[in-house]
Amino acid sequence: MLIPPPPNHPRPLPAGEPRLQLLNISKRYPGVLANDQVSLNVMPGEIHAVLGENGAGKSTLMKIIYGAVQADSGQIQWNGREVSIANPAVARELGIGMVFQHFQLFETLNVTENIALALPPDTDLKTLAVRVREVSEKYGLPLDPERLVHALSVGERQRVEIVRCLLQNPQLLILDEPTSVLTPQAVRKLFETLRKLASEGVSILYISHKLHEIQALCDRATVMRGGCVTGGANPRQESTASLARMMIGRDLPVCHAPVYAGEVKAALEIDSISRPKDDPFGVTLEDISLTVNSGEVVGIAGISGNGQAELLAALSGESTGRSDSVRIAGLPVGHLHAGQRRDRGLSFVPEERLGRGAVPSMSLTQNAMLTAHRQPGLSRFGLLDFKAARDFALRCIERFDVRCNGPQAAARSLSGGNLQKFIVGREIMQAPKVMIVAQPTWGVDVGAAATLRQTLLDLSREGVGVLVVSEELEELFEICDRIAVLAGGRLSAAMPRNETNAEQIGLLMAGQAAAASV
Amino acid sequence: MSLLTPRTNPSKLMQWAAPPLAILATLLTATVLFYALNKPPLQAFYVFFIEPLETENGWSELALKASPLILIAQGLALGFRARIYNIGAEGQLLMGAICASGVAIYTDGMDGDWILPLMVLAGAIGGGLWGALPAWLKTRFNAEETLTTLMLTYVAVQLLAWLVSGPWRDPGGSNFPQSIMFSEPALFNALFEGLRINSSVIITLLAVPLLWLFVKRSFLAYQLAVGGQAPSAARYAGFSAQRTVWISLVVSGVTAGIAGAAEAAGPVGQLTLSLSPGYGFAAIIVAWVGRLHPIGIVFSGLLMALIYIGGEAAQVSMQLPSAVSWLFQGMLLFFLLGADAFVDYRLKRRKPFVIKEAQA
């Protein structure tokens, strides 16, 4: 068998009948009602946005439609018939495709082989390669079927996922936060593809919390908050502010950046770090230099996998090098390990919260010790004072509004956003001279993200040098004084925010990445 | 498709209920076993678990056996928590016994209060070195410590065999592979008249609260625990992974070495081939059954000692083979690991594929 034939060709639908209709879907997890009587319908050829913060229940709902999770109650109607979607295979058979936020590709296989994995085992690879090329050209998703996946950029990997879905002739395509890793230019290309698909009658469910994208792309939006549908709207007729109100229930907070009046001196100096990659899928750092002054926030834009992990490890001390390659407040620290750099005034919030920034099974009190043990009173004569650590954790929880069951709660019991607040809080409370934060608001809800950004701004205005590494351009433009781009292991010059724009940064992100991936 | 899926929130209660459940399962299986051997199970259990505790001598033997098991298991647990799996405590124990015996043999005929402490110190050094060797191999060559510690155990066994049948053999011992009997200054005193229990158990009594304090409060133990549970977090915080390896292996080597010295200078009183009835291996089970917790280990050590003594009694009074007590040890660990698996994971039943169609 070659390519699965278009499965159960759509019964001609009576005009005005939805392709997918959800009726009163509910799903309860221990301690949380993820979906509460959710109803939703999607018409053929419609681009339908599902808008909501993290934890609003969007992902659960999509997993129910895709058969990865079973609803406790409620009905799913597909092309007018009630169906029970027991697993993703059933969903695919019905004609439902899903592009996940985190790609599920094997790096050592080429594009065709990766796609074949989702198809029946007797699929002929040569014919498939031809089909891949056809489909990818038809929808403006240029792809070389022979390329190995590890050599592809993130945008290209996403195309593989989309082409994989398209080969199964879906009638409904679900995309979960598809633009979080794309440059502004790649986002525009993706939108063209999606519009073309919609014009051919494919329905699209588009999950996002980025309001301007939804306004640019979607015909209709369903807004969710706390597991419930809080409204439906035509996003083109709404303002960003009114959509935000529906999504978070109040006005979107804005950050303000006061002028720094204190003394300006170099807080963090990075002096021509070059480092060959240490694993085959790593990135080689090439001659990276940057200075972060006290009183300013510097941002490093770029898509993860362009040297971000390697650079952060070199700065935090998880990997070491020449002593003068990194200086904190003038002191060479490049040869020191992470703990010694912290002793000299460095704080660091890593991208991975569970397992790196915090020990999952340990309590918040114990996790406070991870870096705060050097604070006075927390340890003496090699013994730890867990009562003092508990007080420290408690102060952190209160000051940074961490929602949890108190300091004895295990780190893994917190939501991603709350754990992030705890880790950022723990690092800020050490009174650092330099604060490095990776993906500060990744997975954090909109309201808390604004608070976190403001916290970082305020910290910098107290004379701390703040370095933010982020994939979110809007975030960087909101809080940074200067922005540099890390692409293909090279860092561009840091440009003052008001002398650059998203378009230019996007080109830097893409241009150098493309040159490096050849 | 995996049959076992991890539980998001393993129950704390079940983590502690697992050892009693494993003991229960062991007893049930043993019942079947005793039936198969044509021995009345109730009598067998009585001989195994009750009879030894009816005499003063039984309690004395229990303390004597539990003492090395608990001491070694405390050291091992420290490493296990850091995911450093030293399974060669038996070899470290023998090296400790060898070094301590060396002191006793070369000071034979001398008198002084310093001899016994020197023996314990020599035992600690011997065991510590035998733990340091795998630590060096791991940090230098990334050699798996489970293999190196186990293999070094056989080296220690052969070294012991050579010593007691060669240079250290008792000239007046009619060619038995054993050293001279140690003289008075190289022996721990008996604590009570007529019982074998001696002052070496005091070492364990002191070590338990000290290690408990170390585990609960020390920064070092905290670093070891972080390194074991989340290696990336340890790197992030700047805790050295190499130091974790060294401390785990050397400390467990030292405790095993002291236990070996205490055996030689305690109940055995000389260096022999059969110095240890597998304490180093049994202590691995003791550590796990005690949930790697300093107090839990005390209880599991007492239980394991009871199995040892009960096994000896059952051999004598019921003609049960000595393998029965090994079976008890093996089953206990087997059932515990099984119970642990179900505490952390649950069995996932696959749902059948159904496309339900509503009535048109």
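Owing to the predicted nature of the structure, the values given are computational and were not obtained by experimental measurement.

Structurally, chain A comprises domain 1 (44–58 + 95–248), domain 2 (254–345 + 433–518) and domain 3 (355–431). Relative to domain 3 of chain A, the C-alpha centre of domain 1 of chain A lies at a distance of 38 Å.

Bringing the pairing of strand E6 (residues 96–99) of chain A into the picture now. Residues and elements named next belong to chain A. On E6, burial covers both faces: Ile 96 and Met 98 on one face and Gly 97 and Val 99 on the other are all buried. Sheet analysis places E6 next to strand E7 (residues 172–176), joined by four bridges and oriented parallel. Each bridged residue has a counterpart across the sheet, and for Gly 97 the counterpart in E7 is Leu 173.

The next point concerns unusual backbone geometry. All names here are of chain A. For Asn 24, which is not glycine, the phi dihedral falls at a positive 50 degrees. Residue placement: Asn 24 occurs in strand E1 (residues 20–29). Judged by local crowding, Asn 24 falls into the partly exposed class, with 13 C-beta atoms found within 10 Å. Unusually for a residue other than glycine, Ala 431 sits at a positive phi of about 50 degrees. Inspection of the secondary structure assignment puts Ala 431 in the loop between helix H13 (416–428) and strand E19 (434–438). Owing to 11 C-beta atoms within 10 Å, Ala 431 belongs among the exposed residues under this scheme.

Right, let's talk about the packing of helix H7 (residues 201–217) of chain B against helix H12 (residues 294–318) of chain B for a bit. Residue and element names in this part refer to chain B. Their axes nearest at 9 Å, the elements H7 and H12 cross at an angle of 145 degrees. Residue-level contacts link Val 208, Leu 211, Trp 212 and Val 215 of H7 to Pro 294, Ile 295 and Val 298 of H12. Grouping the amino acids of the contact of H7 with H12 by side-chain chemistry returns seven nonpolar, no polar and no charged.

Below, the discussion takes up the pairing of strand E16 (residues 346–349) of chain A. Residue and element names in this part refer to chain A. The two faces of E16 match: Leu 346 and Phe 348 on one face and Ser 347 and Val 349 on the other face are all buried. For E16 and E19, the ladder comprises four bridges, and the chain directions are parallel. Within E19, the position partnered with Leu 346 by the bridge is Val 434.

Here we take up the environment of Leu285(A). Residues and elements named next belong to chain A. Summarising the element assignment, Leu 285 is placed in strand E12 (residues 285–293). Since 22 C-beta atoms lie within 10 Å of it, Leu 285 is described here as buried. Separated by 20 residues in sequence, Leu 285 and Gly 305 have C-alpha atoms that sit 11 Å apart. Non-local contacts of Leu 285, meaning those with residues more than four positions away in its chain, are made with Ile 273, Ser 274, Arg 275, Gly 307, Glu 310, Leu 311, Ala 314 and Gly 489.

Another point: helix H4 (residues 125–138) of chain A. Residues and elements named next belong to chain A. Look at H4: 20 Å from first C-alpha to last across 14 residues, which is about the 20 Å you get at 1.5 Å a residue. Every buried residue of H4 is accounted for by Leu 128, Arg 131, Val 132 and Ser 136. In an axial view of H4, the angular spread of the buried residues amounts to 125 degrees, which keeps them on one side of the axis. Exposed residues on H4 whose side chains face more than 90 degrees from its buried face are Lys 126, Thr 127, Val 130, Glu 134, Glu 137 and Lys 138. Looking at the packing, one finds that the buried side of H4 touches helix H3 (111–116) and helix H5 (154–166). Phi turns positive one or two residues past the end of H4, at Gly 140, with a value near 65 degrees.

Attention now goes to helix H10 (residues 241–268) of chain B. Residue and element names in this part refer to chain B. In this model, H10 (28 residues) spans 39 Å end to end at C-alpha, consistent with the 40 Å of a helix rising 1.5 Å per residue. The principal kink in H10, of about 30 degrees, is found at Ala 262. Note on H10: the residue one or two positions beyond its end, Gly 269, has a positive phi of about 80 degrees.

Each value, and the rule that gives it
Residues numbered from 1 in each chain as written. Chains lettered and ligands numbered in written order. Predicted model: local features only at pLDDT ≥ 70, side-chain atom pairs only at ≥ 80, totals over all residues. Domains from an automatic or database assignment. Buried ≥ 20, exposed ≤ 12 C-beta atoms within 10 Å, placed from the backbone. Helix = DSSP H or I, 4+ residues; strand = E, 2+ residues; numbered from the N terminus. Pairing = 2+ DSSP bridges. Axes fitted to C-alpha atoms, helices over the stretch in contact; angles between N-to-C directions. Contact = placed C-beta atoms within 7 Å. Nonpolar A, V, L, I, M, F, W, Y, C, P; charged D, E, K, R; others polar. Expected span 1.5 Å × (residues − 1). Arc of directions from axis to C-beta. Bend = angle between axes of the 7 residues up to and from the residue.

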